[in-house]
Amino acid sequence: MTVIVRDFRTDDAGAVVRLREICTPYVVMTEESVLFEVAHANPAKKFRLLVAEEDGELIGSAHVSVAYDSTDPGQSSVTPQVHPERRGRGAGSLLLRTAEEHLAVEGATSVYSWVLDEPASRDFAEHHGYRATRPACFQRLGLAGAVLPEPEPLPPGFELRTAADFADDPRPLFEADAEATSDEPSDIGTDFDDYEDWLGHTWNHPCLDRDLTTVVVADGRVTAFTAAYTDGRTRYMSGMTGTLRAFRGRGLAKHAKTASLHRARAVGFTDAYTANDAGNGPMLAINKWFGYKVCAMEVRHVRDLT
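Note that this is a predicted model, so its numbers are computed, not measured. (Residues numbered from 1 in each chain as written. Predicted model: local features only at pLDDT ≥ 70, side-chain atom pairs only at ≥ 80, totals over all residues. Heavy atoms only, no water.)

Q: Explain the pairing of strand S8 (residues 214-218) here, please?
A: A regular strand places its side chains on the two faces of the sheet in alternate fashion. In terms of residue burial, S8 counts as a mostly covered element, since five of its five residues are buried. Every second residue of S8 is oriented toward a common face, with Thr 214, Val 216 and Ala 218 on one face and Val 215 and Val 217 on the other, all of them buried. Across five bridges, the pairing between strand S7 (residues 158-162) and S8 is antiparallel. Its bridge partner lying in S8, Leu 160 is registered against Val 216. Connecting S8 to the next strand, strand S9 (residues 221-230), in antiparallel fashion are two residues, including Asp 219 with a positive phi near 55°. (Buried < 20%, exposed > 50% of the residue type's maximum accessible area, 1.4 Å probe, protein only. Helix = DSSP H or I, 4+ residues; strand = E, 2+ residues; numbered from the N terminus. Pairing = 2+ DSSP bridges.)

Next up, the structure:
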């Protein structure tokens, strides 16, 4: 049996989605989103979607990119995934080596990878020279049977809107996203200042549900928000949820997420997912309050390429 690694082709989209649903079922991905991310990646990202084949069957994949918007030049990322029944045949190592060679050519000096917090995956990472940095957790909420908290009245002067209300001018959402993202705990800092780039990879992303993405405003100003990504069928995933610094401590993000989850269930979504860095205490507390349960743990690893 022969394993090869090559670049993604458009007719691989369905197989990539099916693989990801097996390896990471708590991440929302569709064929449309795979094709979008390949077609619309910022050129500075040096993005490649690699796939591993064994005798013509797709058994693994890896998203590979340079952190072009990082405040620390030279950082990059790759997370190889291989079908659980096809591991141990060299596909993961070949995906990783191909990715690292590409990133090194593009000037990367370090590469980060998310690794499932299980012995086999951590051993694989350590064997290839990666060291652990920080943990994160994925959480699931069964929307169909969940006892969701009832929405409480917003403080006077605040109101709920959706991202769809900003269709003519989404810049206020960009500015709020930029501020919230800059305060997120992460190994890779982000210099979030390119509005056109944000439009390309966030606002226009096919999984972003603008009707479920919920925004709290006061006097027309965005104060808090929760971004909702869906597969258009049953799965809902929270993206960034945040509150602008001047408005924190009032429970506004909780208001936004409560409203979004209620509407998501009302239109038929049955499973809600979210992910948090283990150091993000405020969001972990909010998600626990909603009833989310940890369904998987990951540990970020890094390897120096120089």
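Q: Honestly, the packing of helix H5 (residues 171-182) against helix H6 (residues 195-203) in this entry has me stumped. Any pointers?
A: The axes of two packed helices give the description: the angle between them and the distance between them. Across the interface, H5 lies against H6 with an axial gap of 11 Å and an inter-helix angle of 90°. Classed by the angle they form, the pair H5 and H6 counts as roughly perpendicular. Along its contact with H5, which presents Arg 171, Leu 173, Phe 174 and Asp 177, the element H6 presents Tyr 195, Trp 198, Thr 202 and Trp 203. (Axes fitted to C-alpha atoms, helices over the stretch in contact; angles between N-to-C directions. Parallel < 35°, antiparallel > 145°, perpendicular 65-115°, else oblique. Contact = heavy atoms within 4.5 Å.)

Q: Is there a simple way to explain the layout of surface pockets in this structure?
A: One simple way to see leftover space: roll a probe sized like a water molecule over the atoms. Counted as a void, the second largest pocket has a volume near 520 Å³. Every residue lining the second largest pocket is counted, 26 residues in all, and those nearest its centre are Pro 80, Val 82, Arg 87, Ser 121 and Phe 124. Of the residues assigned to the lining of the second largest pocket, the class counts are 12 nonpolar, nine polar and five charged. (1 Å grid on protein atoms, 1.4 Å probe; cavity = no way out; pocket = protein on both sides within 12 Å on 5 of 7 lines; lining within 4 Å. Points joined across faces, edges and corners; volume = space filled by probe spheres on them. Nonpolar A, V, L, I, M, F, W, Y, C, P; charged D, E, K, R; others polar.)

Q: Can you walk me through the state of the cysteines in this structure?
A: Linking two cysteines covalently through their sulfur atoms gives a disulfide. The full count for this structure, using the stated rule, is zero disulfides. For the unlinked cysteine Cys 23, the closest cysteine sulfur is that of Cys 295, found at 14 Å. There is no disulfide at Cys 207, and the cysteine sulfur nearest it, in Cys 295, is 18 Å away. Residue classification places Cys 207 among the buried residues on the basis of a relative accessible area of 2%. (Disulfide = S-S within 2.5 Å.)

Q: Is there a simple way to think about the packing of aromatic side chains in this case?
A: One pair of aromatic rings is described through two measures. These are the centre distance and the angle between the planes. The final tally for this structure, using the stated rule, is seven aromatic pairs. By way of ring pairs, the aromatic residues Phe 174, Tyr 195, Trp 198 and Trp 203 are connected into one cluster. Just above the ring of Tyr 195 sits the side chain of Arg 171; from NZ or CZ to the centre is 4.0 Å. One residue, Lys 254, lies across the ring of Trp 289, its end atom 4.2 Å from the ring centre. (Phe/Tyr/Trp six-rings, centres within 6.5 Å; stacked < 30°, edge-to-face > 60°. Lys NZ or Arg CZ within 6 Å of the ring centre and 35° of its normal.)

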